Amino acid sequence: MTGLMWITSPAPEERVRDTLNALPVYGSQVFRRGGIHAQFVITLQELLRDLRQHVERWHFDGLVWRGQKPPSLISSQIASEFDSMVSSYDILFKERFWKCLEVIQTIGAELEHQGKVLEKAVWAQRRIIELVCKFKRPHPEVERQLVAQTLKPLRKLDALVARHQGSPFENHLRMLCASATAFWWMGDRRPAERVSEALNAIPVYGEKVLNKRYLASERPLHKKLVLELISSIRGLQEFVKAYHPLGLNWNRGGREYDDGDSALV
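From a predicted model like this one, the values you see are computed outputs, not experimental measurements. (Residues numbered from 1 in each chain as written. Predicted model: local features only at pLDDT ≥ 70, side-chain atom pairs only at ≥ 80, totals over all residues. Heavy atoms only, no water.)

A. Looking closely at empty space enclosed by the protein. Per the counting criterion, the structure on display carries 1 cavity of 30 Å³ or more. For the largest cavity, the calculated volume is near 70 Å³. If you go around the largest cavity, the residues you meet are Phe97, Cys100, Leu101, Leu118, Val122, Ser179, Phe183, Leu229 and Ile233. Breaking the lining of the largest cavity down by element, the ones donating at least two residues are helix H3 (76-107), helix H4 (111-134) and helix H9 (219-243). Among the elements that make up the lining of the largest cavity, the one with the highest residue count is H3 (3 residues). (1 Å grid on protein atoms, 1.4 Å probe; cavity = no way out; pocket = protein on both sides within 12 Å on 5 of 7 lines; lining within 4 Å. Points joined across faces, edges and corners; volume = space filled by probe spheres on them. Helix = DSSP H or I, 4+ residues; strand = E, 2+ residues; numbered from the N terminus.)

B. Up close: the nonpolar core. Counting 58 residues, the largest nonpolar core has Leu236 and Phe239 as the members making the most contacts within it. Counting residues per element, the ones that place at least two in this core are H3, H4, helix H5 (140-151), helix H7 (170-180), helix H8 (191-211) and H9. What Leu236 contacts, discounting residues up to four positions off in sequence, is Tyr89, Leu92, Phe97, Ala182, Phe183, Trp185 and Val195. (Core = buried A, V, L, I, M, F, W, Y, C linked by side-chain atoms within 4.5 Å. Buried < 20%, exposed > 50% of the residue type's maximum accessible area, 1.4 Å probe, protein only. Contact = heavy atoms within 4.5 Å.)

C. Local environment of the pattern of salt bridges. A full pass over the atoms with the stated rule returns 9 salt bridges. A salt bridge links Arg96 to Glu238, with the nearest nitrogen and oxygen atoms 3.4 Å apart. Placement of the pair is Arg96 in helix H3 and Glu238 in helix H9, with a sequence separation of 142 residues. Close ionic contact of Arg174 with Glu170 constitutes a salt bridge, the shortest N to O distance being 3.1 Å. Of this pair, Arg174 and Glu170 are both found in helix H7, 4 residues apart, which corresponds to roughly one turn of the helix. Residue Arg174 is classed as partly exposed on the basis of its relative accessible area, which comes to 27%. Looking at Glu170, the relative accessible area reads 18%, which means it is buried. Taken together, the shared-partner salt bridges in this structure form one network comprising Asp90, Arg126, Glu130 and Lys134. (Salt bridge = Lys/Arg side-chain N within 4 Å of Asp/Glu carboxyl O.)

D. Summary view of H7. Burial analysis of H7 places 9 of its 11 residues in the buried class, the great majority of the element. Restricting attention to buried positions, one finds in H7 the residues Glu170, His172, Leu173, Met175, Leu176, Cys177, Ala178, Ser179 and Ala180.

E. A look at the packing of aromatic side chains. Using the criterion set out here, one finds 6 aromatic pairs in the structure. With a centroid separation of 5.5 Å and an interplanar angle of 85°, the aromatic rings of Phe135 and Tyr257 are classed as edge-to-face. In this pair, Phe135 is assigned in the loop between H4 and H5 and Tyr257 in the segment after H9, connecting sequence segments 122 residues apart. Overall, the relative accessible area of 14% leaves Tyr257 in the buried class. On the numbers, 5.1 Å between centres and 45° between planes, the contact of Phe239 with Tyr243 is tilted. With Phe239 and Tyr243 both in helix H9 and 4 residues apart, the pair spans about one turn of that helix. Of the residues examined, Phe239 reaches a relative accessible area of 4% and is grouped as buried. Overall, the relative accessible area of 12% leaves Tyr243 in the buried class. (Phe/Tyr/Trp six-rings, centres within 6.5 Å; stacked < 30°, edge-to-face > 60°.)

Quick look at the structure:
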């Protein structure tokens, strides 16, 4: 419970956040015992999330005593965070996802269509991230509808895998489909865990991809696909942990959102 030491910390929100991020490291073994042990981990995690929100809202720069002027709901540090959010996502696309998509395009065949679906999902989420940076959190139903728009392309993937059962690229397709579940983080209560699950699934299918017999000249390309896919989803994991560890982190100092604003991105 080092998070409770935020009171004496020069960076209180960071102290609570570090404690929250450390919880899965120690809590995973306890959680696996199930029952009341798993409930204990979940309750502790929810407690730390609530504490972080309280500290971030009222004591971002340290304790605010009665009679003091309340802090701004968005400090210069938070403003800087929103300024860098979109650019960080763009770097993720250019330095990681684009390399992965290039490999998919080079292999071609059934993978090419799936690559296009993944690219649409990446850009759909970028549009939501722009909204998150500009606006306050909208009504929960509106937020759900916005997130649902980003997931539309992904709903085609299962059907695509089913159509190509028995194909030489079946394991490739299953690997891509499993990795694509990472993009459901926007609608998940535990976004980083969602991305981690997708990341952990890639080697399972990747091993099957690499165990297939290829010409000596083809094997490096398929190995590169597995490695670039892992790099891409790991990059997404880092992005989510940095900016959205508790779910979409809307700009509390932004403008009020209305339905017409989605056309701005």
